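These are the residues of each chain, in order.
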Amino acid sequence: MATEEQKEDVCQAQERPKEQIVDPWKAVAAEGKDTIDYDKLIEQFGSKRIEGSLLDRIEQVTGKKAHHFLKRGIFFSHREVPKILDAYEKGQPFYLYTGRGPSSEAMHLGHLIPFQFTKYLQDVFDVPLVIQMTDDEKFLWKKLGIEEAHRLAYENAKDIIACGFDMKKTFIFSNLDYMSSCPKFYRNILEIQKLVTCNQVKAIFGFTGTDNIGMMAFPAVQAAPSFSTTFPHIFGDNSDVQCLIPCAIDQDPYFRMTRDVAPRLGYHKPALFHSTFFPALQGPQSKMSSSDPTSAIFLTDSSEEIKEKVLKYAFSGGRGTVKEHREFGGNTEVDVAYQYLTFFMEDDEKLAHIKQDYESGKLLSGEMKQELIQVLQPLVESHQEKRNAVTDSMVKEFMAQRPLEFGH
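Residues numbered from 1 in each chain as written. Predicted model: local features only at pLDDT ≥ 70, side-chain atom pairs only at ≥ 80, totals over all residues. Heavy atoms only, no water.

A.B. asks: Summarise the overall build of the protein chain; cite the residues concerned and give the values.
C.D. replies: A tally of helices and strands in the protein chain yields 19 helices and 11 strands. Over its C-alpha atoms the protein chain spans a radius of gyration of 21 Å, differing by no more than 12% from the 22 Å that the globule rule assigns to 408 residues. When the backbone C-alpha atoms are referred to their principal axes, the protein chain occupies close to 65 × 50 × 40 Å. Among the 408 residues that make up the protein chain, the fraction classed as buried is 56%. (Helix = DSSP H or I, 4+ residues; strand = E, 2+ residues; numbered from the N terminus. Rg over C-alpha atoms; globule rule 2.2 N^0.38 Å. Buried < 20%, exposed > 50% of the residue type's maximum accessible area, 1.4 Å probe, protein only.)

Have a look at this one:
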């Protein structure tokens, strides 16, 4: 899937457009706005906001607490998730599908979000998961050779495996490998491509006459894993298995296209969970980017590097002076340290206390940053330990075509 580093994310205020831009390659707040307007995206894309009633239903169906990403609105929008819950209650199968575009060796914190949420979904529903590594996409879009893109797919797979996915229930695949070894994958891609015109992909994705033809053809490659017959080693020829896709909202154009062609090919429309963007250190009007090391905290950063980046680059919602801050309080809506805590601090009560103290002026910006540092340092260190324990043979096992075990 197109991901963080592919986008032109980090824009200074004077470079921002009059209207916000959100597509698979760019996410920029509108001129004069501090954040992306997610309500406007819901209206523009035609999705539905995740309401409390849906969270209650998820907890009722699974018997487990809703993930804090759901409760805090980090995953805020969806398409037809109730249909997945209906199927689950009836004992009908479904599977999870997410992905990663491997254009750099080091992933950053923002890349963890969809995988952490997908891990939760796999655990509570006990269903199979497929993870697409779009090394072909990165070859087409980036200045990468095919072999380098392919190598990065395997390197990034180690970070994904370190998130704790169950090998017995998870299939990770490189497009470059899987295309050559699974004829049904390519056949499904062709079926999709035949139903989508050049004018349609230009309208959906903004392609122009200067883009290479591989770019125009690629959306079908990302669409095909939404159909269960793309994975005959898991589902055989069963086309009646529904798919649930957790992804950032900018990926929705791919799956709007997919949902349009699915009924014409005899498949279920994929359901989706949409997340907000993980902001750059410079502020929530943009997203972390692997192409700008000062905007991102990488999963390879040392504890000292994390501390330095947070203290030096994290945008503050505090006031100009301590006196003003004590009197008027800070703005948690734009304070990056607080925004990061909403992703990674699981303790709801402590987070609420920090928010109250900051907005009242009791907690200073430097203290807010220290709270974040204390959360991020052990989190990244733990990930590094787990990643170091992932061997090449483990990667090959996750990427081997094989039946998957799942309880539902």
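A.B. asks: Summarise the sheet that holds strand 8 (residues 242-248); cite the residues concerned and give the values.
C.D. replies: Read across the open sheet, the seven strands follow the order 3-4-9-8-5-6-7; overall the sheet is mixed. Here the strands that pair on one side only, and so sit at the sheet edges, are strand 3 (48-49) and strand 7 (170-174). Two elements, strand 8 and strand 9 (residues 271-275), share five bridges in a ladder whose sense is parallel. Looking at the pairing, Cys-247 lines up with His-274 of strand 9. (Pairing = 2+ DSSP bridges.)

A.B. asks: Tell me about the pairing of strand 9, and please be specific about residues and values.
C.D. replies: Along any regular strand, the residues point their side chains to alternate faces of the sheet. Burial analysis of strand 9 places five of its five residues in the buried class, which makes it a mostly covered element. Side chains Ala-271, Phe-273 and Ser-275 project from strand 9 onto one buried face, and the interleaved Leu-272 and His-274 project onto a second face that is buried too. Alignment of strand 4 (residues 75-79) against strand 9, held across four bridges, turns out to be antiparallel. The partner of Arg-79 across the bridge, within strand 9, is Leu-272. Assessed by its sense of winding, the connection that carries the chain from strand 8 through helix 13 (residues 252-261) to strand 9 is right-handed. (Right-handed = clockwise from strand over helix to strand, strands pointing away.)

A.B. asks: Could you give an account of the nonpolar core, with specific residues and numbers?
C.D. replies: The tendency in soluble globular proteins is for nonpolar side chains to be buried as a group. Core analysis: the largest hydrophobic core is formed by 69 residues, its most contacted members being Leu-70 and Phe-273. At nine residues, helix 5 (residues 109-125) tops the list of elements feeding residues into this core. For Leu-70, the residues in contact, after removing those within four places along its chain, are Ile-50, Leu-55, Ile-58, Phe-75, Phe-117, Tyr-120 and Phe-273. Of all hydrophobic cores here, the second largest spans 40 residues; its members include Trp-25, Ile-192, Met-216 and Tyr-267. (Core = buried A, V, L, I, M, F, W, Y, C linked by side-chain atoms within 4.5 Å. Contact = heavy atoms within 4.5 Å.)

A.B. asks: If you had to explain the packing of aromatic side chains to someone new, which residues and values would you point to?
C.D. replies: What the rule picks out here adds up to 32 aromatic pairs. With a centroid separation of 5.0 Å and an interplanar angle of 85°, the aromatic rings of Tyr-88 and Phe-125 are classed as edge-to-face. Here Phe-125 lies in helix 5 and Tyr-88 lies in helix 4 (residues 81-89), a separation of 37 residues in the sequence. No difference in accessibility class separates Tyr-88 from Phe-125, as the two residues are buried. Ring pairs connect the aromatic residues Phe-69, Phe-75, Phe-117, Tyr-120, Phe-273, Phe-278, Tyr-340, Phe-343 and Phe-344, which therefore count as one cluster. (Phe/Tyr/Trp six-rings, centres within 6.5 Å; stacked < 30°, edge-to-face > 60°.)

A.B. asks: Describe the side chain of Arg-100, listing the residues and the values that go with them.
C.D. replies: Inspection of the secondary structure puts Arg-100 in strand 5 (residues 94-100). Arg-100 sits in the buried class, given a relative accessible area of 1%.

A.B. asks: Before we move on, can you summarise the pattern of salt bridges with the specific residues and values?
C.D. replies: Any two side chains of opposite charge can pair, on the condition that their charged atoms come close. All chains considered together, the criterion is met by 22 salt bridges. The closest approach of N and O atoms between Glu-105 and Arg-151, which form a salt bridge, is 2.9 Å. Within this pair, whereas Glu-105 is found in the loop between strand 5 and helix 5, its partner Arg-151 is found in helix 7 (residues 146-161), the two being separated by 46 residues in sequence. You can call Glu-105 partly exposed: its relative accessible area is 41%. Classification of Arg-151 as partly exposed rests on a relative accessible area of 33%. Connected through salt bridges with shared partners, the residues Glu-155, Lys-158, Asp-159, Arg-387 and Asp-392 form a single ionic network. (Salt bridge = Lys/Arg side-chain N within 4 Å of Asp/Glu carboxyl O.)

A.B. asks: So, the environment of Leu-140: which residues are in play, and what are the values?
C.D. replies: With respect to the helices and strands, Leu-140 occurs in helix 6 (residues 135-141). Take Leu-140: its relative accessible area is 25%, and that puts it in the partly exposed class. Between the C-alpha atom of Leu-140 and that of Gly-329, which follows or precedes it by 189 residues, the distance is 48 Å.

A.B. asks: Got a sec to walk through the side chain of Lys-169? Specific residues and values, please.
C.D. replies: Residue position: Lys-169 is located in the loop between helix 7 and strand 7. For Lys-169, a relative accessible area of 17% puts it in the buried group. Those residues in contact with Lys-169 that sit more than four places away from it in its chain are Gln-122, Asp-126, Val-127, Pro-128, Leu-129, Leu-404 and Glu-405.

A.B. asks: Account for the state of the cysteines, with residues named and values stated.
C.D. replies: Tallied over the entire structure, the rule returns zero disulfides. Left unpaired, Cys-182 is separated from the closest cysteine sulfur, that of Cys-243, by 15 Å. (Disulfide = S-S within 2.5 Å.)

A.B. asks: Could you give an account of the pairing of strand 7, naming the residues involved and the relevant values?
C.D. replies: Burial analysis of strand 7 places five of its five residues in the buried class, the great majority of the element. On strand 7, burial covers both faces: Thr-170, Ile-172 and Ser-174 on one face and Phe-171 and Phe-173 on the other are all buried. Direction of pairing for strand 6 (residues 129-133) relative to strand 7: parallel, over a ladder of five bridges. Counted as the bridge partner of Met-133 is Ser-174 from strand 7.

A.B. asks: How would you summarise helix 1 (residues 38-45) if you had to cite specific residues and measurements?
C.D. replies: Listing the buried residues of helix 1 in full gives Tyr-38, Leu-41, Ile-42 and Phe-45. Mapping the buried residues of helix 1 onto a view down its axis gives an arc of 100°, with all of them on the same face. The outward face of helix 1, more than 90 degrees from its buried face, is lined by the exposed residues Glu-43 and Gln-44. Summarising the contacts, the buried residues of helix 1 are in contact with strand 1 (21-23), strand 3, strand 4 and helix 13. For helix 1, the side-chain oxygen to backbone nitrogen distance between the N-cap and Asp-39 is 3.2 Å, and the N-cap itself is Asp-37. Of the residues trailing helix 1, Gly-46 is marked for its positive phi of about 80°. (Arc of directions from axis to C-beta. Polar contact = N/O pair within 3.5 Å; in protein donor to acceptor, adjacent residues only side chain to side chain.)

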